Structure formats: structure tokens, C-alpha cells
Amino acid sequence: MNRLALGAALTGFGGVALGAFGAHGLALGVEAADWWQTATLYALVHAAAALAIAMSGRTGLVRLGGWAFILGVLVFSGCLYAMAIGAPRWLGAIVPLGGLSFLAGWALVAAGATRR
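Just so you know, these numbers come straight off a predicted model, no measurement behind them. Every residue gets a number counted from 1 within its own chain, in the order that chain's sequence is written. pLDDT decides what is reported in this predicted model: residues at 70 or higher carry local features, side-chain atom pairs at 80 or more are listed and counted, and totals for whole chains, interfaces and linings draw on all residues regardless. Excluding hydrogens and water, the side-chain figures rest on all heavy atoms present in the structure.

Colleague: Sorry if this is basic, but what is going on with the side chain of H46 here?
Modeller: In this description a helix means any DSSP run of H or I spanning at least four residues, a strand means any run of E spanning at least two, and both kinds are numbered starting from the N terminus. As for its position among the elements, H46 is in helix 2 (residues 30-56). Polar contacts here mean pairs of N or O atoms no more than 3.5 Å apart (in protein, one a potential hydrogen donor and the other a potential acceptor; neighbouring residues in sequence count only if both atoms are side-chain atoms). Separated by 3.1 Å, the side chains of H46 and W106 make a polar contact. Throughout, a residue-residue contact means that at least one pair of heavy atoms, one from each residue, lies within 4.5 Å. Beyond its immediate chain neighbours, meaning those up to four positions away, H46 contacts F69, V73, F102 and W106.

Listed below in C-alpha cells is the structure:
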């Protein structure tokens, strides 16, 4: 089983479902709607990147980068979604950790791409 592909597919599914729910099922204020839209954008972009890595057959640093993307979606997007529906604003202090996970993922992919 390709666990990274499964994680990427579930992350993409969640991004589409939550994006649609936010667009059609929630009445959010301007700030909360911005958080929701940002969370969805980052979830979908990084789900696609993780899926591409999973399907590429690459291992090592590149594959680890894909897992960093999944972790970033869970932390970054998860906290933004939660805040948008009323979770405490102190979760905003955790959001940058998800962003760091995205950055680490891209750095790992870049490092892995320089190797065979």
C-alpha cells in the first residue's frame, strides 16, 4: 500500500469537501471566511504535491517532504478551519508550525531532487 498516496488523497478529499462546505454551507464573517479560503488553498496545493511525490516512486528526502506536506495541512489548515468556526484564537499561534512544515517539505524535496 502506498500510504503517502492514501494520505494525499484523503487530504485532497478533505480540502475539496471543506472548501465546498465553506462556500455553500457556512455563514462566516469576513475574517473567518479568509481563514477558511486560505486553509483550503494550502490543503489542496499540498495534497496535489504530496500525491505527485507519492506517484513518482521517489524515496528518501523527497518522500519525507511529501509527509511534511501532509503534516503541514493537518496543522496549518486544521487550525485555520477550527478558528474559522469559533475555536480559540490562541490556535493562531500554532498555525506557523504548519507553515514551517510546508517549508521543510519544500526544502526536503529540493534537497532530494539534487540526489539520484
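Colleague: Sorry if this is basic, but what is going on with a nonpolar patch on the surface here?
Modeller: In this analysis, a patch consists of residues with relative accessible area above 30% that form no salt bridge, clustered at 9 Å for like charges and at 5 Å for the nonpolar side chains Val, Leu, Ile, Met, Phe, Trp and Tyr. A 1.4 Å probe and the Shrake-Rupley method give the accessible areas. Residues count as covered only by the protein chains that appear here. Salt bridges are defined by distance alone: a side-chain nitrogen of Lys or Arg within 4 Å of a carboxyl oxygen of Asp or Glu. Nonpolar side chains collect at one region of the surface, where M1, L6 and L10 lie side by side and expose about 380 Å² of accessible area between them. Inspection of the secondary structure assignment puts M1 in the segment before helix 1 (3-24). Think of it in three bands: residues with accessible area under 20% of the maximum for their type are buried, residues over 50% are exposed, and the middle band is partly exposed, with areas taken using a 1.4 Å probe on protein chains only. Given a relative accessible area of 82%, M1 falls into the exposed group.

Colleague: It is not clear to me how the pattern of salt bridges should be interpreted in this structure. Could you clarify?
Modeller: Side-chain pairing between opposite charges can occur once the charged atoms of the two side chains come close. For the coordinates displayed, the defined rule picks out 1 salt bridge. Put simply, R89 and E31 hold a salt bridge, and the shortest N to O gap is 3.0 Å. In this pair, R89 sits in the loop between helix 3 (61-84) and helix 4 (95-113) while E31 sits in helix 2, placing the two residues 58 residues apart along the sequence. The partly exposed category is assigned to E31, whose relative accessible area is 43%.

Colleague: Before we go on, may I ask you to explain the packing of aromatic side chains in this structure?
Modeller: Aromatic ring pairs are defined here through the distance separating the ring centres and the angle between the ring planes. Two rings from Phe, Tyr or Trp (for Trp, the six-membered ring) form a pair when their centres are within 6.5 Å of each other. A pair whose planes differ by under 30 degrees is stacked, one over 60 is edge-to-face, and the rest are tilted. Taken as a whole and assessed by the stated rule, the structure comprises 6 aromatic pairs. Plain terms: the ring middles of Y42 and F76 are 4.8 Å apart, the flat faces sit at 35° to each other, and that makes the pair tilted. You can see Y42 sitting in helix 2 and its partner F76 sitting in helix 3, a full 34 residues away along the chain. Using a relative accessible area of 34% as the deciding quantity, one classes Y42 as partly exposed.

Colleague: When you look at the packing of helix 3 against helix 4 in this model, what are you seeing that I'm missing?
Modeller: Helix packing for two helices is described by the angle between their axes and how far apart those axes are. As a rule, the C-alpha atoms of each element are fitted with a line to give its axis, helices using only the stretch in contact, and angles between N-to-C directions run from 0 to 180 degrees. Running from amino to carboxyl end, helix 3 crosses helix 4 at an angle of 165°, the nearest separation of the two axes being 7 Å. Judged by the inter-axis angle, helix 3 sits roughly antiparallel to helix 4. In this structure, helix 3 meets helix 4 at a crossing whose hand is left-handed. Any angle between 65 and 115 degrees counts as roughly perpendicular, while under 35 counts as roughly parallel, over 145 as roughly antiparallel, and the rest as oblique. Crossing handedness is defined as follows: a turn of the near helix away from the far one that is anticlockwise and smaller than a right angle gives a left-handed crossing, while the clockwise case is right-handed.

Colleague: Help me understand the side chain of T40 in this model?
Modeller: One can find T40 in helix 2. Since its relative accessible area comes to 11%, T40 is described here as buried. Setting aside anything within four residues of it in sequence, one finds T40 in contact with G15, L18, G19 and Y81.

Colleague: I'm lost on the environment of A32 in this one. Help?
Modeller: Structurally, A32 is set in helix 2. In this structure, the C-alpha to C-alpha distance between A32 and A20, residues 12 residues apart in sequence, is 15 Å.

Colleague: It is not clear to me how the nonpolar core should be interpreted in this structure. Could you clarify?
Modeller: Proteins that are soluble and globular tend to have nonpolar side chains buried together. Counting residues in each nonpolar core, the largest one holds 15 residues, and the members touching the most others are W35, F76, L80, Y81, A84 and V95. For this core, the secondary structure elements donating two or more residues are helix 2, helix 3 and helix 4. For this core, the leading source of residues is helix 3, giving 7 residues. Leave out the neighbours within four places in its chain, and Y81 touches G15, L18, W36, A39, T40 and A43. By size, the runner-up hydrophobic cluster in this structure holds 11 residues, among which are A49, A50, I53 and V62. We call a set of buried residues a nonpolar core when its members are Ala, Val, Leu, Ile, Met, Phe, Trp, Tyr or Cys and they connect through side-chain atoms within 4.5 Å of each other.

What is shown is where atoms sit, not what they do.
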